[in-house]
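# Chain and residue survey
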Amino acid sequence: MSSQICRSASRAARSLLSASKQTSHQALSAVEGRAAAAAAAVLIRGKVPSLASYGRTTSGNASGGWVSGALALPAAAYMLQEQEAHAAEMERTFIAIKPDGVQRGLISEIISRFEQKGFKLVAIKIVVPSKDFAKKHYHDLKERPFFNGLCDFLSSGPVFAMVWEGEGVIKYGRKLIGATDPQKSEPGTIRGDLAVVVGRNIIHGSDGPETAKDEIGLWFKPEELVSYTSNAEKWVYGVN
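Residues numbered from 1 in each chain as written. Predicted model: local features only at pLDDT ≥ 70, side-chain atom pairs only at ≥ 80, totals over all residues. Heavy atoms only, no water.

Below, the discussion takes up the overall build of the chain. Within the chain, the secondary structure is distributed over 13 helices and 4 strands. Per-residue burial over the chain gives 40% buried out of 240 residues. Look at the contacts in the chain between residues 6 or more apart in sequence, and 79% of them connect residues 24 or more apart. (Helix = DSSP H or I, 4+ residues; strand = E, 2+ residues; numbered from the N terminus. Buried < 20%, exposed > 50% of the residue type's maximum accessible area, 1.4 Å probe, protein only. Contact = heavy atoms within 4.5 Å.)

And the structure:
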């Protein structure tokens, strides 16, 4: 609940942080204990006081205004910090449906799995990669005996390349895909449900943040990546 409160108060938080630059360090020290209590009270009650109440006192004196601003500051700072942490968790991963998955007509099935989870599609294309391009994609496997066969297969037909965005999308995307060997993949995963052998496991997904960054950069130009707010996000993350 606190994350929802923090996000909905982000604009108020930014205004307060801007105004706080004019607040004296002496006033902040004087009300440090009460400020912490005020911040906690905001989160516990599940609401944020209106902006009209900030900087206003019953006594009407100038020093009271400093105190009210200082009381609001910790709560505002915490709210903004929560929002920025949420934004940092929104990561991107590279997902590719291999030639076997494309030829078997599994594109819509695989896309629906990511959509139903709540992830957002931000880039998409269908290409037939050259073998040289496939070698760049699988460069970390070049010492393996199956490297050439792997590159031959990836370049044997159309590949459906995608970039998905969401909180934990890299790690959970791998869970959706399943183990490399379909026979070791759990039922409910893409490979566990739709594939049989390792050589035809239908899909690829980035295995970490650095890999995702490199693979997205290899397959997509920066201008091909789209940034937008989905109407479903408030229902997925609770952003109001």
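A separate point is the nonpolar core. The biggest cluster of nonpolar side chains holds 21 residues, and the ones touching the most others in it are Ile110, Phe114, Trp164, Ile202 and Ile203. Sorting the residues of this core by element identifies strand S1 (90–97), helix H7 (107–117), strand S3 (159–167), helix H10 (169–177) and helix H11 (190–194) as the ones contributing at least two each. Broken down by element, this core gets its largest block of residues, 4 residues, from H10. When near neighbours in sequence (up to four residues on either side) are disregarded, Ile203 contacts Ile95, Ala96, Ile97, Lys98, Ile110, Phe114, Ile177, Ile190 and Arg191. (Core = buried A, V, L, I, M, F, W, Y, C linked by side-chain atoms within 4.5 Å.)

One non-glycine residue with positive phi stands out, namely Ile202, at about 65 degrees. Of the residues examined, Ile202 reaches a relative accessible area of 0% and is grouped as buried.

As a further point, take the pattern of salt bridges. Opposite charge on two side chains lets them pair, provided their charged atoms get close. Overall, the coordinates contain 7 salt bridges when judged by the stated rule. With a shortest N-O distance of 2.9 Å, Glu109 and Arg113 are connected by a salt bridge. Here Glu109 pairs with Arg113, and both are found in helix H7, just 4 residues apart, close to one helical turn. Residue classification places Glu109 among the partly exposed residues on the basis of a relative accessible area of 31%. Between Glu165 and Lys120 there is a salt bridge, with its nearest N and O atoms 3.1 Å apart. Within this pair, whereas Glu165 is found in strand S3, its partner Lys120 is found in strand S2 (residues 120–127), the two being separated by 45 residues in sequence. Note on accessibility: Glu165 and Lys120 belong to one class, buried. A network of salt bridges, in which partner residues are shared, links Arg92, Lys120, Glu165 and Glu233. (Salt bridge = Lys/Arg side-chain N within 4 Å of Asp/Glu carboxyl O.)

Now for the side chain of Thr189. Assignment of secondary structure puts Thr189 in the loop between H10 and H11. The exposure class of Thr189 is buried, given its relative accessible area of 10%. Only 2.9 Å separates the side chain of Thr189 from the backbone nitrogen of Gly192, close enough to count as a polar contact. Setting aside residues up to four positions removed in sequence, Thr189 forms contacts with Arg113, Lys175, Leu176, Ile177 and Gly178. (Polar contact = N/O pair within 3.5 Å; in protein donor to acceptor, adjacent residues only side chain to side chain.)

Residue position: Glu233 is located in helix H13 (residues 233–237). On the accessibility criterion, Glu233 (17% relative accessible area) is buried. The sequence separation of Glu233 and Phe119 amounts to 114 residues, and the corresponding C-alpha distance is 9.0 Å.

Before going further, it helps to examine the layout of surface pockets. Volume-wise, the largest pocket comes out at about 670 Å³. What lines the largest pocket is a set of 28 residues, and nearest its centre among them are Tyr138, Asp140, Leu141, Leu150 and His204. Residue contributions to the lining of the largest pocket peak at 4 residues, all from helix H12 (residues 209–219). Looking at the lining of the largest pocket residue by residue, the classes come out as 8 nonpolar, 10 polar and 10 charged. (1 Å grid on protein atoms, 1.4 Å probe; cavity = no way out; pocket = protein on both sides within 12 Å on 5 of 7 lines; lining within 4 Å. Points joined across faces, edges and corners; volume = space filled by probe spheres on them. Nonpolar A, V, L, I, M, F, W, Y, C, P; charged D, E, K, R; others polar.)

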